[in-house]
Amino acid sequence: MTRSRLVVLSALVVVGVGVVGALGALYFDPARAAVGPLPAEGLALPADTRFVMGFDVHRFVASPFYQRFGKDRQGQGRPPGFTELEEKTGLDPERDVDRIVFAGRGVEKGQEGGVLLVSGRFDRTKLSRAIETETRGVTSKNHEGTTEYLFREDAGGAKAGAAAFLDDDTLVLGPRESVEATITNHAGGKAPVRSNAALVALLESVKPGSTFWAVGDQSVLSRLPLSIPGAAGQGSVSLPPVKSVVVTGDLDPMLAVELTGEAVDSKSAQSLADVVRGLVALASLQANQKPELKELASAVSVTTDATRVHVNLRVPYELLDSLAPKRPAAGGTAEVR
Amino acid sequence: MRDTSRPVPFAPAARAVFDLALEGMVWSRRSLLMAVLLGLPIVFAIVYRAVLAAHIPPRVTPFDLYGAVVVFYYLRNVLPLAALFYATALIADEVEGKTLTYLLTRPVRREAIIAGKFAAYVATTLSLALPAVVLTFFILLTSQGRVGLGGAVPDLLRDLGVLALALLAYGALFTLLGVLLKRPMIPGLLFLFVWELIANLPGYLPRFTLTAYLRSLVRHRPAEEGISEIFGQILPTALCLEVLAGAVLVCLAAAAWIFSTREYVMDQ
């Protein structure tokens, strides 16, 4: 064998060993069960899950966005589940939680469809005791070998919230029906989400490492406003239907959101893109009353690619501050008569 | 006894040229320089692990750094440069060194010469690039233990494939350039650092570049500033693979045809 062939062979060996090692890590690592950003435990969510959204909590609470808008319990910047988590379990999301995933089963099920998966580092025993002793109106029962905590259960057991530990690091909360379905799937080693090919495809398209993300298919998006008021004298403008939406975003150093919507065909995609561009143009026309809107309009870009519409938004926090409604100062001045 | 009135069959001829070209390519100063360039991310990964990990903000994960290395360093800069330096020289070096005559007087088909030399280029560049990527991946992603390593493996495999495809595509193009032009380096550099910037423009223009297809194939999307972030398009995977495969075939076929029909007159 010549020296050069030896070099090539050695390189191949290094790559081969690396690939085998990587495949071994993939096989033995629980993360192999994950689909996109959805953790392994999330695969136990019901198969009719229609939308999923997730937060990297550490990045989220460290971001300027959370410092500005997320700390207020009633604020719109607070992610779904933070307040519920604190009230029902005593968990401090900022300290104890690594990741939150919120999954909905379809808007026709309303609030009853959603389930919250919380991953973090918490003392399961201590937390269980806290739920049992410190939270009012809590009872517990055994479901498929897992202790399930029921909140505010009425006589018929309907419309009650529930919580349970899927494992030492994962807590599931939500309506009783959804939580029990998730427990059943997890206990049986089932992964019904994998059978939802559309959702899996959307999850796999999520940009890795995003601070927050959301994916949804048509059934949720059917509740989007399909018509918007048109210009004076022109009646309403119909918004083309969207098959699915994928949203990813980061919050540091600025609010950066990437939204990809899949329309039914390229013509609808073009119409949708034109509508978004029109809305952006309308906002910039309002610049006379509010100059910040012109800056906001220039922070948005819209492109199309076949049946997909991509909307990119990059907003500095100074601009967000100028657009946010001013809160009254604490201990504001009293009127003196 | 071989019939000496006919040229050597294609495969044995190409293999012989491959061996000869590989020996010349691997043990050259050019390869030493390329090895250093391609291996720099390994050094960075070691420095990150030893020193920088404690100082970089937690929002920048090792996986983010690996993605940035793949997209910005390998895919956009070093691999196209490696292809330029190697592939343009496949024939041009023989012409400049006045050794082409000796090669062409052998009973070897010209297409076999191109095939053997291109195969040697592919073997050399893959041998230099892929181990560096694998080592960088493991050094960076194990800096915080094995957590998350399994989840990143599909990206490693995908990246290795895309980087190999990048070497093939750029290599084929620059082989054609090397066959067409006497001095292909300047046009090659202009192509890489001027023409390929079109990939950052909106509309259909990016589809006339190679980089738009290559970066659509990787899943890493490092944050960028300016127009590349706003207008950066993600093209469908099937389209990217078809176009890149087509580019490789067309460029290589054109290079083989031009080389086999062209008359080379050596300067005295």
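Residues numbered from 1 in each chain as written. Chains lettered and ligands numbered in written order. Predicted model: local features only at pLDDT ≥ 70, side-chain atom pairs only at ≥ 80, totals over all residues.

**A look at the overall build of chain A**
Consideration 1: Looking only at helices and strands, one finds 12 helices and 14 strands in chain A.
Consideration 2: Relative to its full complement of 337 residues, chain A shows a buried share of 35%.
Consideration 3: Residue pairs at least 24 apart in sequence account for 57% of intrachain contacts in chain A once pairs closer than 6 positions are excluded. (Helix = DSSP H or I, 4+ residues; strand = E, 2+ residues; numbered from the N terminus. Buried ≥ 20, exposed ≤ 12 C-beta atoms within 10 Å, placed from the backbone. Contact = placed C-beta atoms within 7 Å.)

**Details of the overall build of chain B**
Consideration 1: Looking only at helices and strands, one finds 11 helices and 0 strands in chain B.
Consideration 2: Overall, chain B shows an N-to-C arrangement of helices and strands of α-α-α-α-α-α-α-α-α-α-α.
Consideration 3: Burial status across chain B gives 44% buried among its 268 residues.

**Here we look at unusual backbone geometry**
Excluding glycine, most residues fall at negative phi; most peptide bonds, likewise, are trans.
Residue and element names in this part refer to chain A.
Consideration 1: Phi at glutamate 144 is positive, roughly 55°, even though this residue is not glycine.
Consideration 2: If you trace the backbone, glutamate 144 turns up in the loop between strand E4 (138–143) and strand E5 (146–151).
Consideration 3: Using a count of 13 C-beta atoms within 10 Å as the deciding quantity, one classes glutamate 144 as partly exposed.

**Brief notes about the packing of helix H7 (residues 149–180) of chain B against helix H11 (residues 237–261) of chain B**
Residues and elements named next belong to chain B.
Consideration 1: With their axes 8 Å apart at the nearest point, H7 and H11 run at an angle of 25° to one another. One finds that H7 runs roughly parallel with respect to H11. With respect to the hand of their crossing, H7 and H11 are arranged in left-handed fashion. Touching Leu165, Leu168, Ala169, Ala172, Leu173, Thr175, Leu176, Val179 and Leu180 of H7 are Leu244, Ala247, Val248, Cys251, Leu252, Ala254, Ala255, Ile258 and Phe259, all from H11.
Consideration 2: When the residues that make up the contact of H7 with H11 are grouped by side-chain class, the tally is 17 nonpolar, 1 polar and no charged. (Axes fitted to C-alpha atoms, helices over the stretch in contact; angles between N-to-C directions. Parallel < 35°, antiparallel > 145°, perpendicular 65-115°, else oblique. Left-handed = near helix turned anticlockwise from the far one by under 90°. Nonpolar A, V, L, I, M, F, W, Y, C, P; charged D, E, K, R; others polar.)

**Comments concerning the interface of chain A and chain B**
Consideration 1: Taken together, the contact pairs 29 residues of chain A with 31 residues of chain B.
Consideration 2: Secondary structure elements with two or more residues in the side of chain A that touches chain B: helix H1 (3–28), helix H2 (57–62) and strand E13 (300–305) of chain A.
Consideration 3: No other element matches H1(A), which puts 13 residues into the side of chain A that touches chain B.

**Quick look at the pairing of strand E8 (residues 212–216) of chain A**
All names here are of chain A.
Consideration 1: The element E8 is extensively covered by neighbouring structure, given that 5 of its 5 residues are classed as buried.
Consideration 2: When strand E1 (residues 51–56) meets E8, the two strands line up antiparallel, connected through 5 bridges. In the strand pairing of E8, phenylalanine 51 is matched with glycine 216.
Consideration 3: In this sheet, strand E11 (residues 242–250) lies alongside E8 in antiparallel orientation, the contact comprising 5 bridges. Residue phenylalanine 212 lies in a different strand from E11, and its bridge partner there is glycine 249. (Pairing = 2+ DSSP bridges.)

**Observations concerning the confidence of the model for chain A**
All names here are of chain A.
Consideration 1: With 76% of its residues at a pLDDT of at least 70, chain A reaches an overall mean of 76.
Consideration 2: In the model, residues 223–234 has pLDDT below 50 throughout and makes 18 contacts with residues more than four positions away in sequence or in other chains.
Consideration 3: Low confidence marks residues 329–337, where pLDDT is under 50. Its contacts with residues over four positions away, or in another chain, come to 0 contacts. (pLDDT = per-residue confidence, 0-100.)

**Structural notes on helix H4 (residues 89–96) of chain B**
Residues and elements named next belong to chain B.
Consideration 1: Residues of H4 that are buried include every one of Ala89, Leu90, Ile91, Ala92 and Glu94, and no others.
Consideration 2: Check the buried side of H4 and you find it contacts helix H3 (62–87), helix H5 (100–104), helix H6 (110–141), H7 and H11.
Consideration 3: Among the residues trailing H4, lysine 98 stands out with phi positive, at a value near 60°.

**A closer look at the packing of H6(B) against H7(B)**
All names here are of chain B.
Consideration 1: The geometry of H6 relative to H7 is characterised by a closest axis approach of 10 Å and an angle of 155° between their N-to-C directions. It follows from the interaxial angle that H6 and H7 lie roughly antiparallel. In the packing of H6 onto H7, the handedness of the crossing is right-handed. Facing Phe118, Tyr121, Val122, Thr125, Leu126, Ala129, Leu130, Val133, Phe137 and Leu141 of H6, the residues of H7 in contact are Leu149, Ala152, Leu156, Asp159, Leu160, Leu163, Ala164, Leu167, Leu168, Gly171 and Thr175.
Consideration 2: Classifying every residue of the contact of H6 with H7 gives 17 nonpolar, 3 polar and 1 charged.

**Examining the nonpolar core**
Consideration 1: Membership of the largest hydrophobic core comes to 88 residues, with the highest contact counts inside it found for Leu79(B), Leu163(B) and Ala166(B).
Consideration 2: Each residue touching Leu163(B), except ones within four places of it in the same chain, is listed here: Tyr74(B), Leu75(B), Leu79(B), Ala129(B), Leu130(B) and Val133(B).
Consideration 3: Val52(A), Ala163(A), Ile183(A) and Phe212(A) belong to the second-largest nonpolar core, a separate cluster that totals 57 residues. (Core = buried A, V, L, I, M, F, W, Y, C linked by C-beta atoms within 7 Å.)

**Some details on the pairing of strand E7 (residues 170–175) of chain A**
Consideration 1: In terms of burial, E7(A) is a largely internal element, 6 of the 6 residues being buried.
Consideration 2: Hairpin geometry of strand E6 (residues 161–167) of chain A and E7(A) is characterised by an intervening segment of 2 residues between the two adjacent antiparallel strands.

**Description of the sheet that holds E4(A)**
Residues and elements named next belong to chain A.
Consideration 1: If you walk across this open sheet you meet the 12 strands as E4-E5-E6-E7-E3-E2-E1-E8-E11-E12-E14-E13, and the pairing is antiparallel. Looking at strand neighbours, the two that pair on one side only are E4 and E13, the edges of this open sheet. Ignoring strand direction, the axes of neighbouring strands in this sheet form an average angle of 15°.
Consideration 2: Against the sheet, helix H7 (residues 176–187) touches strand E3 (115–120), E4, E5, E6 and E7, its axis set at about 145° to E7.

**Some points on the confidence of the model for chain B**
Where the model shows low pLDDT, its predicted coordinates should not be examined in detail.
Consideration 1: Chain-level pLDDT for chain B is 86 on average; 88% of the residues reach the 70-or-more range.
Consideration 2: For this predicted complex, the interface score ipTM comes out at 0.84, while the overall pTM is 0.62.

**Notes on H7(A)**
Residues and elements named next belong to chain A.
Consideration 1: For H7, spanning 12 residues, the distance from its first C-alpha to its last is 16 Å, which sits close to the expected 16 Å at 1.5 Å a residue.
Consideration 2: Those residues of H7 lying buried are Arg176, Ser178, Val179, Ala181, Thr182, Ile183, Asn185 and His186.
Consideration 3: Residues of H7 that are buried in the fold lie against E3, E4, E5, E6 and E7.
Consideration 4: Looking at the residues trailing H7, positive phi occurs at glycine 189, about 70°. (Expected span 1.5 Å × (residues − 1).)

**Observations regarding the environment of Ala187(A)**
Residue and element names in this part refer to chain A.
Consideration 1: Looking at where alanine 187 falls in the secondary structure, it is placed in helix H7.
Consideration 2: A tally of 14 C-beta atoms within 10 Å means that alanine 187 is categorised as partly exposed.
Consideration 3: It is 9.6 Å that separates the C-alpha atoms of alanine 187 and histidine 143, two residues lying 44 residues apart in sequence.
Consideration 4: Those residues within four positions of alanine 187 in sequence are excluded, and the remaining contacts are Glu144, Gly145 and Thr146.

**Some thoughts on the environment of Ala45(B)**
Residue and element names in this part refer to chain B.
Consideration 1: Within the secondary structure layout, alanine 45 lies in helix H2 (residues 29–50).
Consideration 2: Given 25 C-beta atoms within a 10 Å radius, alanine 45 is considered buried.
Consideration 3: Taking the C-alpha atoms as reference points, alanine 45 and proline 62, separated by 17 residues in sequence, lie 9.0 Å from one another.
Consideration 4: Sequence-distant contacts of alanine 45, defined by excluding residues within four places in its chain, comprise Thr136, Ile139 and Leu140.

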